[in-house]
Amino acid sequence: MSNLSYVSPTADSPWGTYLSQVESVLPYLGHLARWAETLRRPKRALIVDIPIELDSGAVAHFEGYRVQHNLSRGPGKGGVRFHPDVNLEEVMALSAWMTIKNAAVNLPFGGAKGGIRVDPKQLSLKELERLTRRYTSEIGLIIGPDKDIPAPDVNTNAQIMAWMMDTYSMNVGSSATGVVTGKPIPLGGSLGRVKATGRGVFVVGREAARRKNLSLDGARIAVQGFGNVGSAAAELFAGSGGKIVAVQDHTGTIYNAHGLDMALLMAELHEKGGIGAFKGADRIANEDFWDVESDFLIPAALEGQLQGARAKRVKTRIVLEGANGPTTNEADHILADRGILVVPDVIANAGGVTVSYFEWVQDFSSFFWTEDEINLRLDKIMVEAFRRILDVAEQHHVPLRTAAFVVACTRVLQAREERGLYP
Ligand code: NAD
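Note that the structure is predicted; figures quoted are calculated from it, not measured.

Description of the overall build of the protein chain
Turning to step 1, where the next piece is worked out: Counting secondary structure elements, the protein chain contains 13 helices and 12 strands.
Turning to step 2, where the next piece is worked out: Its C-alpha atoms give the protein chain a radius of gyration of 21 Å, near enough to 22 Å, the size a compact globule of 423 residues would have.
Turning to step 3, where the next piece is worked out: If one aligns the C-alpha atoms of the protein chain with their principal axes, the spans along those axes are about 55 × 55 × 45 Å.
Turning to step 4, where the next piece is worked out: Taking as baseline every contact in the protein chain between residues at least 6 positions apart, the subset at least 24 positions apart corresponds to 68%.

The following block contains the structure:
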(Lines give C-alpha, C1' and ligand atoms only; values in the text may rest on other atoms or scores of the structure.)
Protein backbone atom coordinates (compact mmCIF):
# COMPACT_ATOMS: atom_id res chain seq x y z
CA MET A 1 0.00 0.00 0.00
CA SER A 2 1.51 3.32 -1.02
CA ASN A 3 1.99 5.98 1.58
CA LEU A 4 1.59 9.37 -0.08
CA SER A 5 2.30 12.32 2.19
CA TYR A 6 -0.39 14.55 0.68
CA VAL A 7 -3.59 12.49 1.25
CA SER A 8 -4.97 10.46 4.18
CA PRO A 9 -7.36 7.91 2.66
CA THR A 10 -9.71 5.82 4.80
CA ALA A 11 -11.29 2.46 3.90
CA ASP A 12 -14.44 4.15 2.52
CA SER A 13 -12.96 7.34 1.08
CA PRO A 14 -12.68 7.52 -2.73
CA TRP A 15 -8.91 7.03 -2.90
CA GLY A 16 -9.07 4.31 -0.20
CA THR A 17 -11.78 2.49 -2.17
CA TYR A 18 -9.72 2.72 -5.36
CA LEU A 19 -6.59 1.40 -3.59
CA SER A 20 -8.49 -1.65 -2.27
CA GLN A 21 -9.86 -2.31 -5.77
CA VAL A 22 -6.28 -2.35 -7.05
CA GLU A 23 -5.20 -4.75 -4.28
CA SER A 24 -7.99 -7.17 -5.25
CA VAL A 25 -6.65 -7.60 -8.80
CA LEU A 26 -2.97 -8.12 -7.95
CA PRO A 27 -3.27 -11.94 -7.87
CA TYR A 28 -4.45 -11.89 -11.51
CA LEU A 29 -1.71 -9.66 -12.93
CA GLY A 30 1.10 -12.24 -13.08
CA HIS A 31 4.57 -10.72 -13.60
CA LEU A 32 3.01 -7.31 -14.29
CA ALA A 33 2.23 -7.00 -10.57
CA ARG A 34 5.79 -5.77 -10.09
CA TRP A 35 4.65 -2.48 -11.67
CA ALA A 36 1.56 -2.14 -9.44
CA GLU A 37 2.95 0.80 -7.48
CA THR A 38 2.43 2.81 -10.68
CA LEU A 39 -1.32 2.42 -10.15
CA ARG A 40 -1.15 3.58 -6.52
CA ARG A 41 0.32 6.99 -7.34
CA PRO A 42 -0.89 9.74 -9.64
CA LYS A 43 1.74 10.67 -12.19
CA ARG A 44 1.08 14.37 -11.71
CA ALA A 45 -1.23 16.45 -9.47
CA LEU A 46 -1.50 20.18 -10.04
CA ILE A 47 -3.17 22.45 -7.45
CA VAL A 48 -3.92 25.98 -8.63
CA ASP A 49 -5.11 29.19 -7.03
CA ILE A 50 -7.91 30.85 -9.04
CA PRO A 51 -8.47 34.48 -8.11
CA ILE A 52 -11.43 36.22 -9.82
CA GLU A 53 -13.13 39.55 -9.53
CA LEU A 54 -16.75 39.17 -8.44
CA ASP A 55 -19.50 41.37 -9.89
CA SER A 56 -19.45 43.30 -6.60
CA GLY A 57 -15.84 44.32 -7.24
CA ALA A 58 -14.49 42.08 -4.45
CA VAL A 59 -11.80 39.48 -5.23
CA ALA A 60 -12.44 35.81 -4.38
CA HIS A 61 -9.95 32.92 -4.47
CA PHE A 62 -10.90 29.34 -5.39
CA GLU A 63 -8.93 26.11 -5.26
CA GLY A 64 -8.59 24.16 -8.52
CA TYR A 65 -7.06 20.81 -9.44
CA ARG A 66 -6.00 18.77 -12.43
CA VAL A 67 -4.69 15.29 -11.71
CA GLN A 68 -3.15 13.06 -14.38
CA HIS A 69 -3.24 9.63 -12.81
CA ASN A 70 -1.63 7.67 -15.62
CA LEU A 71 -0.44 8.57 -19.12
CA SER A 72 1.14 5.25 -20.13
CA ARG A 73 -1.44 4.52 -22.87
CA GLY A 74 -1.94 8.04 -24.23
CA PRO A 75 -2.96 11.56 -23.27
CA GLY A 76 -5.01 12.12 -20.14
CA LYS A 77 -8.79 12.12 -20.48
CA GLY A 78 -11.44 12.93 -17.90
CA GLY A 79 -13.96 15.53 -16.86
CA VAL A 80 -13.92 18.72 -14.81
CA ARG A 81 -16.22 18.96 -11.77
CA PHE A 82 -17.41 22.20 -10.15
CA HIS A 83 -18.65 21.35 -6.65
CA PRO A 84 -18.15 22.69 -3.10
CA ASP A 85 -16.94 19.26 -1.88
CA VAL A 86 -14.22 18.81 -4.53
CA ASN A 87 -10.83 18.06 -2.97
CA LEU A 88 -7.49 16.61 -4.04
CA GLU A 89 -8.26 13.10 -2.83
CA GLU A 90 -11.58 12.94 -4.68
CA VAL A 91 -10.01 14.22 -7.91
CA MET A 92 -7.20 11.68 -7.56
CA ALA A 93 -9.69 8.82 -7.25
CA LEU A 94 -11.82 10.06 -10.14
CA SER A 95 -8.69 10.37 -12.31
CA ALA A 96 -7.64 6.83 -11.40
CA TRP A 97 -11.08 5.47 -12.27
CA MET A 98 -10.72 7.21 -15.65
CA THR A 99 -7.45 5.30 -16.18
CA ILE A 100 -9.38 2.08 -15.51
CA LYS A 101 -12.43 3.04 -17.62
CA ASN A 102 -10.39 4.15 -20.65
CA ALA A 103 -8.26 1.01 -20.53
CA ALA A 104 -11.26 -1.31 -19.91
CA VAL A 105 -12.87 -0.02 -23.12
CA ASN A 106 -9.45 0.07 -24.84
CA LEU A 107 -9.49 3.77 -25.71
CA PRO A 108 -5.98 5.17 -26.39
CA PHE A 109 -6.09 7.45 -23.34
CA GLY A 110 -4.68 7.64 -19.87
CA GLY A 111 -6.76 8.82 -16.94
CA ALA A 112 -7.16 12.38 -15.66
CA LYS A 113 -9.72 14.50 -13.84
CA GLY A 114 -10.07 18.09 -12.71
CA GLY A 115 -12.21 20.21 -10.50
CA ILE A 116 -12.80 23.47 -8.70
CA ARG A 117 -13.94 23.68 -5.09
CA VAL A 118 -16.88 26.01 -5.72
CA ASP A 119 -20.67 26.13 -5.61
CA PRO A 120 -21.34 27.39 -9.15
CA LYS A 121 -24.96 28.19 -8.25
CA GLN A 122 -23.63 31.07 -6.11
CA LEU A 123 -21.92 32.70 -9.12
CA SER A 124 -23.36 34.84 -11.91
CA LEU A 125 -22.80 33.69 -15.50
CA LYS A 126 -20.02 36.28 -15.94
CA GLU A 127 -18.32 35.18 -12.71
CA LEU A 128 -18.56 31.55 -13.84
CA GLU A 129 -16.95 32.49 -17.15
CA ARG A 130 -14.07 34.33 -15.39
CA LEU A 131 -13.58 31.35 -13.06
CA THR A 132 -13.51 28.88 -15.97
CA ARG A 133 -11.12 30.98 -18.04
CA ARG A 134 -8.64 31.58 -15.21
CA TYR A 135 -8.74 27.88 -14.24
CA THR A 136 -8.08 26.90 -17.87
CA SER A 137 -5.13 29.28 -18.05
CA GLU A 138 -3.67 27.90 -14.83
CA ILE A 139 -3.96 24.25 -15.87
CA GLY A 140 -2.89 25.22 -19.43
CA LEU A 141 0.60 24.18 -18.35
CA ILE A 142 -0.36 20.53 -18.55
CA ILE A 143 -3.46 20.20 -20.79
CA GLY A 144 -3.55 20.16 -24.61
CA PRO A 145 -4.99 18.10 -27.49
CA ASP A 146 -2.09 15.61 -27.28
CA LYS A 147 -1.45 15.95 -23.52
CA ASP A 148 -4.69 15.89 -21.56
CA ILE A 149 -8.24 16.54 -22.79
CA PRO A 150 -10.86 17.68 -20.24
CA ALA A 151 -14.63 17.17 -20.67
CA PRO A 152 -17.83 17.99 -18.74
CA ASP A 153 -18.65 16.36 -15.40
CA VAL A 154 -20.91 17.37 -12.48
CA ASN A 155 -22.04 21.02 -12.90
CA THR A 156 -20.05 21.64 -16.08
CA ASN A 157 -21.49 21.62 -19.59
CA ALA A 158 -20.98 22.46 -23.27
CA GLN A 159 -20.83 26.21 -22.55
CA ILE A 160 -18.02 25.73 -20.05
CA MET A 161 -16.18 23.55 -22.58
CA ALA A 162 -16.57 26.36 -25.16
CA TRP A 163 -14.95 28.86 -22.74
CA MET A 164 -12.15 26.38 -21.99
CA MET A 165 -11.50 25.77 -25.69
CA ASP A 166 -11.49 29.52 -26.40
CA THR A 167 -9.16 30.37 -23.49
CA TYR A 168 -6.68 27.65 -24.37
CA SER A 169 -6.81 28.66 -28.06
CA MET A 170 -6.16 32.34 -27.20
CA ASN A 171 -3.16 31.35 -25.08
CA VAL A 172 -1.55 29.17 -27.76
CA GLY A 173 -2.50 31.45 -30.67
CA SER A 174 -4.51 28.98 -32.76
CA SER A 175 -7.94 27.34 -32.62
CA ALA A 176 -7.39 24.11 -30.69
CA THR A 177 -10.75 22.37 -30.98
CA GLY A 178 -9.31 19.05 -29.72
CA VAL A 179 -8.31 20.42 -26.29
CA VAL A 180 -11.69 19.55 -24.73
CA THR A 181 -14.63 17.30 -25.65
CA GLY A 182 -18.33 17.73 -24.97
CA LYS A 183 -18.21 21.01 -26.90
CA PRO A 184 -21.14 22.63 -28.75
CA ILE A 185 -21.53 21.17 -32.27
CA PRO A 186 -20.44 24.39 -34.09
CA LEU A 187 -17.09 24.29 -32.22
CA GLY A 188 -16.28 20.71 -33.22
CA GLY A 189 -18.62 18.85 -30.89
CA SER A 190 -19.84 15.40 -31.91
CA LEU A 191 -23.31 14.27 -32.87
CA GLY A 192 -24.59 11.59 -30.50
CA ARG A 193 -22.50 12.80 -27.52
CA VAL A 194 -25.45 13.94 -25.38
CA LYS A 195 -27.13 10.51 -25.33
CA ALA A 196 -23.95 8.44 -25.62
CA THR A 197 -23.70 7.37 -21.98
CA GLY A 198 -27.33 6.20 -21.87
CA ARG A 199 -26.83 4.40 -25.19
CA GLY A 200 -23.78 2.61 -23.79
CA VAL A 201 -25.80 1.53 -20.73
CA PHE A 202 -28.40 0.07 -23.06
CA VAL A 203 -25.84 -1.73 -25.25
CA VAL A 204 -24.13 -3.50 -22.33
CA GLY A 205 -27.58 -4.24 -20.85
CA ARG A 206 -28.60 -5.92 -24.11
CA GLU A 207 -25.39 -8.01 -24.09
CA ALA A 208 -25.82 -8.96 -20.42
CA ALA A 209 -29.42 -10.01 -21.14
CA ARG A 210 -28.17 -12.28 -23.95
CA ARG A 211 -25.86 -14.04 -21.49
CA LYS A 212 -28.73 -14.47 -19.02
CA ASN A 213 -31.16 -15.68 -21.73
CA LEU A 214 -33.39 -12.75 -20.94
CA SER A 215 -35.49 -11.18 -23.70
CA LEU A 216 -35.59 -7.38 -23.86
CA ASP A 217 -39.13 -7.61 -25.18
CA GLY A 218 -41.30 -7.35 -22.09
CA ALA A 219 -38.32 -6.96 -19.71
CA ARG A 220 -39.12 -4.80 -16.65
CA ILE A 221 -36.77 -1.89 -15.95
CA ALA A 222 -36.48 0.30 -12.84
CA VAL A 223 -34.43 3.49 -13.21
CA GLN A 224 -33.08 5.72 -10.44
CA GLY A 225 -32.09 9.14 -11.81
CA PHE A 226 -33.90 10.39 -14.87
CA GLY A 227 -31.33 12.87 -16.17
CA ASN A 228 -28.97 12.66 -19.09
CA VAL A 229 -27.97 9.02 -18.48
CA GLY A 230 -31.14 7.47 -16.99
CA SER A 231 -33.66 8.95 -19.42
CA ALA A 232 -31.62 8.10 -22.55
CA ALA A 233 -31.11 4.51 -21.39
CA ALA A 234 -34.81 4.15 -20.48
CA GLU A 235 -35.92 5.42 -23.91
CA LEU A 236 -33.74 2.83 -25.67
CA PHE A 237 -34.97 -0.04 -23.48
CA ALA A 238 -38.57 1.04 -24.10
CA GLY A 239 -37.81 1.17 -27.84
CA SER A 240 -36.79 -2.52 -27.68
CA GLY A 241 -40.04 -3.59 -26.05
CA GLY A 242 -38.95 -3.11 -22.43
CA LYS A 243 -41.41 -1.88 -19.78
CA ILE A 244 -40.16 1.00 -17.63
CA VAL A 245 -41.99 0.04 -14.43
CA ALA A 246 -40.46 2.51 -11.95
CA VAL A 247 -38.57 5.78 -12.13
CA GLN A 248 -37.13 7.86 -9.33
CA ASP A 249 -35.62 11.32 -9.49
CA HIS A 250 -35.12 14.18 -7.01
CA THR A 251 -38.86 15.03 -7.26
CA GLY A 252 -40.16 11.55 -6.28
CA THR A 253 -40.78 7.95 -7.34
CA ILE A 254 -43.44 6.68 -9.78
CA TYR A 255 -44.58 3.14 -10.55
CA ASN A 256 -46.69 1.47 -13.23
CA ALA A 257 -46.65 -2.33 -13.51
CA HIS A 258 -47.76 -2.13 -17.19
CA GLY A 259 -44.88 0.19 -18.12
CA LEU A 260 -44.76 3.98 -18.27
CA ASP A 261 -45.60 5.83 -21.50
CA MET A 262 -42.12 7.14 -22.35
CA ALA A 263 -43.24 9.85 -24.78
CA LEU A 264 -45.55 11.37 -22.16
CA LEU A 265 -42.92 10.96 -19.44
CA MET A 266 -40.24 12.74 -21.50
CA ALA A 267 -42.70 15.57 -22.21
CA GLU A 268 -43.37 15.83 -18.44
CA LEU A 269 -39.62 15.95 -17.75
CA HIS A 270 -39.04 18.74 -20.27
CA GLU A 271 -42.03 20.73 -19.06
CA LYS A 272 -41.58 20.37 -15.28
CA GLY A 273 -37.92 19.41 -14.81
CA GLY A 274 -38.89 16.26 -12.88
CA ILE A 275 -41.23 13.26 -13.02
CA GLY A 276 -42.65 13.16 -9.46
CA ALA A 277 -46.07 14.55 -10.43
CA PHE A 278 -46.55 12.39 -13.57
CA LYS A 279 -50.23 11.42 -13.95
CA GLY A 280 -49.80 8.13 -15.83
CA ALA A 281 -48.43 6.23 -12.81
CA ASP A 282 -48.81 5.69 -9.06
CA ARG A 283 -46.64 7.76 -6.80
CA ILE A 284 -44.83 5.55 -4.26
CA ALA A 285 -42.52 6.27 -1.31
CA ASN A 286 -38.91 6.80 -2.36
CA GLU A 287 -37.65 3.89 -0.25
CA ASP A 288 -40.20 1.53 -1.92
CA PHE A 289 -38.31 1.97 -5.20
CA TRP A 290 -35.87 -0.69 -3.96
CA ASP A 291 -38.70 -3.27 -3.56
CA VAL A 292 -40.01 -2.98 -7.13
CA GLU A 293 -39.72 -6.24 -9.09
CA SER A 294 -37.62 -5.77 -12.21
CA ASP A 295 -35.30 -7.53 -14.63
CA PHE A 296 -32.92 -4.54 -14.88
CA LEU A 297 -32.19 -2.06 -12.12
CA ILE A 298 -30.38 1.03 -13.39
CA PRO A 299 -28.92 3.31 -10.71
CA ALA A 300 -28.18 6.48 -12.71
CA ALA A 301 -28.24 9.23 -10.09
CA LEU A 302 -25.58 9.52 -7.38
CA GLU A 303 -22.80 7.47 -5.82
CA GLY A 304 -23.43 5.14 -2.85
CA GLN A 305 -27.20 4.68 -3.49
CA LEU A 306 -27.23 0.89 -3.55
CA GLN A 307 -25.89 0.06 -0.08
CA GLY A 308 -26.05 -3.13 1.98
CA ALA A 309 -29.62 -2.96 3.33
CA ARG A 310 -31.05 -2.14 -0.09
CA ALA A 311 -28.95 -4.82 -1.80
CA LYS A 312 -30.64 -7.41 0.44
CA ARG A 313 -34.09 -6.26 -0.72
CA VAL A 314 -33.81 -5.61 -4.43
CA LYS A 315 -35.73 -7.99 -6.67
CA THR A 316 -33.92 -7.79 -9.97
CA ARG A 317 -31.68 -9.90 -12.21
CA ILE A 318 -29.18 -7.38 -13.58
CA VAL A 319 -27.85 -4.15 -12.08
CA LEU A 320 -26.54 -1.73 -14.74
CA GLU A 321 -24.43 1.01 -13.15
CA GLY A 322 -25.23 4.18 -15.09
CA ALA A 323 -23.90 6.38 -12.27
CA ASN A 324 -20.29 6.41 -11.10
CA GLY A 325 -19.88 4.38 -7.90
CA PRO A 326 -23.58 3.74 -7.10
CA THR A 327 -22.94 0.36 -5.36
CA THR A 328 -21.04 0.16 -2.08
CA ASN A 329 -18.45 -2.59 -1.48
CA GLU A 330 -20.76 -4.30 1.02
CA ALA A 331 -23.69 -4.22 -1.44
CA ASP A 332 -21.47 -5.62 -4.18
CA HIS A 333 -20.78 -8.73 -2.08
CA ILE A 334 -24.45 -9.17 -1.14
CA LEU A 335 -25.57 -8.91 -4.78
CA ALA A 336 -22.91 -11.42 -5.84
CA ASP A 337 -24.05 -13.88 -3.13
CA ARG A 338 -27.65 -13.48 -4.33
CA GLY A 339 -26.66 -14.27 -7.94
CA ILE A 340 -27.57 -10.80 -9.22
CA LEU A 341 -25.30 -9.75 -12.08
CA VAL A 342 -23.72 -6.29 -11.59
CA VAL A 343 -22.39 -4.60 -14.72
CA PRO A 344 -19.93 -2.11 -13.20
CA ASP A 345 -19.72 1.61 -13.96
CA VAL A 346 -16.28 1.41 -15.57
CA ILE A 347 -17.86 -0.46 -18.49
CA ALA A 348 -21.60 0.32 -18.20
CA ASN A 349 -21.24 4.13 -18.37
CA ALA A 350 -18.19 4.23 -20.67
CA GLY A 351 -20.32 5.25 -23.68
CA GLY A 352 -19.81 8.95 -22.87
CA VAL A 353 -16.02 8.86 -22.92
CA THR A 354 -16.12 6.63 -26.00
CA VAL A 355 -18.00 9.27 -28.00
CA SER A 356 -15.67 11.90 -26.47
CA TYR A 357 -12.89 9.88 -28.09
CA PHE A 358 -14.79 10.04 -31.41
CA GLU A 359 -15.14 13.82 -30.97
CA TRP A 360 -11.38 14.16 -30.44
CA VAL A 361 -10.64 12.00 -33.52
CA GLN A 362 -13.09 14.05 -35.63
CA ASP A 363 -11.49 17.31 -34.43
CA PHE A 364 -8.01 16.07 -35.37
CA SER A 365 -9.09 15.01 -38.85
CA SER A 366 -11.55 17.93 -39.28
CA PHE A 367 -13.92 15.41 -40.81
CA PHE A 368 -17.23 14.81 -39.08
CA TRP A 369 -19.27 11.62 -38.98
CA THR A 370 -23.03 11.11 -39.15
CA GLU A 371 -24.96 10.19 -36.02
CA ASP A 372 -25.60 6.70 -37.42
CA GLU A 373 -21.85 6.15 -37.93
CA ILE A 374 -21.19 7.28 -34.38
CA ASN A 375 -23.85 5.04 -32.86
CA LEU A 376 -22.66 2.01 -34.87
CA ARG A 377 -19.03 2.52 -33.80
CA LEU A 378 -20.12 3.04 -30.18
CA ASP A 379 -22.11 -0.20 -30.27
CA LYS A 380 -19.12 -2.14 -31.65
CA ILE A 381 -16.63 -0.82 -29.07
CA MET A 382 -19.01 -1.41 -26.14
CA VAL A 383 -19.86 -4.95 -27.27
CA GLU A 384 -16.20 -5.91 -27.72
CA ALA A 385 -15.27 -4.45 -24.32
CA PHE A 386 -18.14 -6.18 -22.55
CA ARG A 387 -17.38 -9.58 -24.13
CA ARG A 388 -13.69 -9.36 -23.21
CA ILE A 389 -14.55 -8.56 -19.58
CA LEU A 390 -17.13 -11.33 -19.45
CA ASP A 391 -14.56 -13.84 -20.76
CA VAL A 392 -12.07 -12.81 -18.06
CA ALA A 393 -14.79 -13.03 -15.38
CA GLU A 394 -15.63 -16.58 -16.49
CA GLN A 395 -11.98 -17.59 -16.75
CA HIS A 396 -11.12 -16.45 -13.20
CA HIS A 397 -14.60 -16.96 -11.63
CA VAL A 398 -14.68 -13.35 -10.48
CA PRO A 399 -17.36 -10.62 -10.63
CA LEU A 400 -17.44 -8.33 -13.67
CA ARG A 401 -16.01 -5.43 -11.62
CA THR A 402 -12.88 -7.42 -10.74
CA ALA A 403 -12.66 -8.64 -14.34
CA ALA A 404 -12.87 -5.07 -15.67
CA PHE A 405 -10.03 -4.06 -13.33
CA VAL A 406 -7.97 -7.10 -14.43
CA VAL A 407 -8.40 -6.21 -18.12
CA ALA A 408 -7.69 -2.51 -17.53
CA CYS A 409 -4.74 -2.87 -15.14
CA THR A 410 -3.14 -5.47 -17.44
CA ARG A 411 -3.33 -3.07 -20.39
CA VAL A 412 -1.96 -0.13 -18.37
CA LEU A 413 0.92 -2.13 -16.88
CA GLN A 414 1.79 -3.76 -20.21
CA ALA A 415 2.20 -0.26 -21.64
CA ARG A 416 4.24 0.70 -18.58
CA GLU A 417 6.52 -2.29 -19.04
CA GLU A 418 6.97 -1.89 -22.79
CA ARG A 419 7.79 1.81 -22.48
CA GLY A 420 10.35 1.06 -19.78
CA LEU A 421 11.56 3.39 -17.08
CA TYR A 422 13.03 6.74 -18.04
CA PRO A 423 15.93 7.42 -17.72
P1 NAD B 1 -28.11 14.56 -14.47
O2 NAD B 1 -27.86 15.73 -13.59
O3 NAD B 1 -28.51 14.78 -15.88
O4 NAD B 1 -29.23 13.61 -13.81
C5 NAD B 1 -29.18 13.21 -12.48
C6 NAD B 1 -30.52 12.59 -12.13
O7 NAD B 1 -30.44 12.10 -10.78
C8 NAD B 1 -31.68 13.57 -12.16
O9 NAD B 1 -32.82 12.92 -12.69
C10 NAD B 1 -31.91 13.89 -10.69
O11 NAD B 1 -33.26 14.25 -10.43
C12 NAD B 1 -31.59 12.55 -10.07
N13 NAD B 1 -31.30 12.67 -8.65
C14 NAD B 1 -30.54 13.61 -8.02
N15 NAD B 1 -30.57 13.41 -6.71
C16 NAD B 1 -31.35 12.33 -6.49
C17 NAD B 1 -31.77 11.62 -5.33
N18 NAD B 1 -31.37 12.00 -4.12
N19 NAD B 1 -32.57 10.53 -5.48
C20 NAD B 1 -32.96 10.14 -6.72
N21 NAD B 1 -32.62 10.78 -7.83
C22 NAD B 1 -31.81 11.84 -7.73
O23 NAD B 1 -26.78 13.67 -14.38
P24 NAD B 1 -26.25 12.58 -15.40
O25 NAD B 1 -25.33 13.23 -16.37
O26 NAD B 1 -27.41 11.78 -15.90
O27 NAD B 1 -25.31 11.71 -14.43
C28 NAD B 1 -25.86 10.72 -13.57
C29 NAD B 1 -24.73 9.83 -13.09
O30 NAD B 1 -24.07 9.24 -14.21
C31 NAD B 1 -23.61 10.53 -12.29
O32 NAD B 1 -23.12 9.61 -11.33
C33 NAD B 1 -22.54 10.77 -13.33
O34 NAD B 1 -21.23 10.90 -12.75
C35 NAD B 1 -22.67 9.51 -14.14
N36 NAD B 1 -22.10 9.61 -15.48
C37 NAD B 1 -22.59 10.52 -16.37
C38 NAD B 1 -22.05 10.58 -17.65
C39 NAD B 1 -22.58 11.53 -18.70
O40 NAD B 1 -22.11 11.47 -19.84
N41 NAD B 1 -23.56 12.39 -18.38
C42 NAD B 1 -20.99 9.72 -18.02
C43 NAD B 1 -20.53 8.79 -17.09
C44 NAD B 1 -21.10 8.75 -15.82
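Brief notes about the packing of helix H1 (residues 14-25) against helix H2 (residues 88-104)
Turning to step 1, where the next piece is worked out: One way to put it is that H1 packs onto H2 with a least axis distance of 8 Å and a crossing angle of 35°. Between H1 and H2, the residues in contact are Pro14, Trp15, Gly16, Thr17, Tyr18 and Gln21 and Glu89, Glu90, Met92, Ala93, Ala96, Trp97 and Ile100, respectively.
Turning to step 2, where the next piece is worked out: When the residues that make up the contact of H1 with H2 are grouped by side-chain class, the tally is eight nonpolar, three polar and two charged.

Topic: the site of the ligand
Turning to step 1, where the next piece is worked out: As a structural note, the neighbourhood of the ligand is formed by 18 residues, with Thr197, Phe226, Asn228, Val229 and His250 the closest of them.
Turning to step 2, where the next piece is worked out: Contacts to the ligand include His250, whose side-chain N or O atom sits 2.5 Å from an oxygen atom.
Turning to step 3, where the next piece is worked out: Between Asn324 and the ligand, the recorded distance is 3.1 Å, taken from a side-chain N or O atom to an oxygen atom.
Turning to step 4, where the next piece is worked out: Burial of the ligand by the protein chains amounts to 70% of its free accessible area of 830 Å².
Turning to step 5, where the next piece is worked out: At the level of secondary structure, the elements contributing two or more residues to the shell around the ligand comprise helix H6 (228-239) and strand S7 (243-249).
Turning to step 6, where the next piece is worked out: When grouped by side-chain class, the residues that make up the shell around the ligand number six nonpolar, 10 polar and two charged.

With respect to the domain arrangement of the protein chain
Turning to step 1, where the next piece is worked out: The assigned domain composition of the protein chain is domain 1 (42-175) and domain 2 (196-348).
Turning to step 2, where the next piece is worked out: Here domain 1 and domain 2 have C-alpha centroids that lie 30 Å from each other.

Conventions used here
Residues numbered from 1 in each chain as written. Predicted model: local features only at pLDDT ≥ 70, side-chain atom pairs only at ≥ 80, totals over all residues. Heavy atoms only, no water. Helix = DSSP H or I, 4+ residues; strand = E, 2+ residues; numbered from the N terminus. Rg over C-alpha atoms; globule rule 2.2 N^0.38 Å. Contact = heavy atoms within 4.5 Å. Axes fitted to C-alpha atoms, helices over the stretch in contact; angles between N-to-C directions. Nonpolar A, V, L, I, M, F, W, Y, C, P; charged D, E, K, R; others polar. Near = heavy atom within 4 Å. Polar contact = N/O pair within 3.5 Å; in protein donor to acceptor, adjacent residues only side chain to side chain. Areas by Shrake-Rupley, 256 points an atom, 1.4 Å probe, with all protein chains shown as cover. Domains from an automatic or database assignment.

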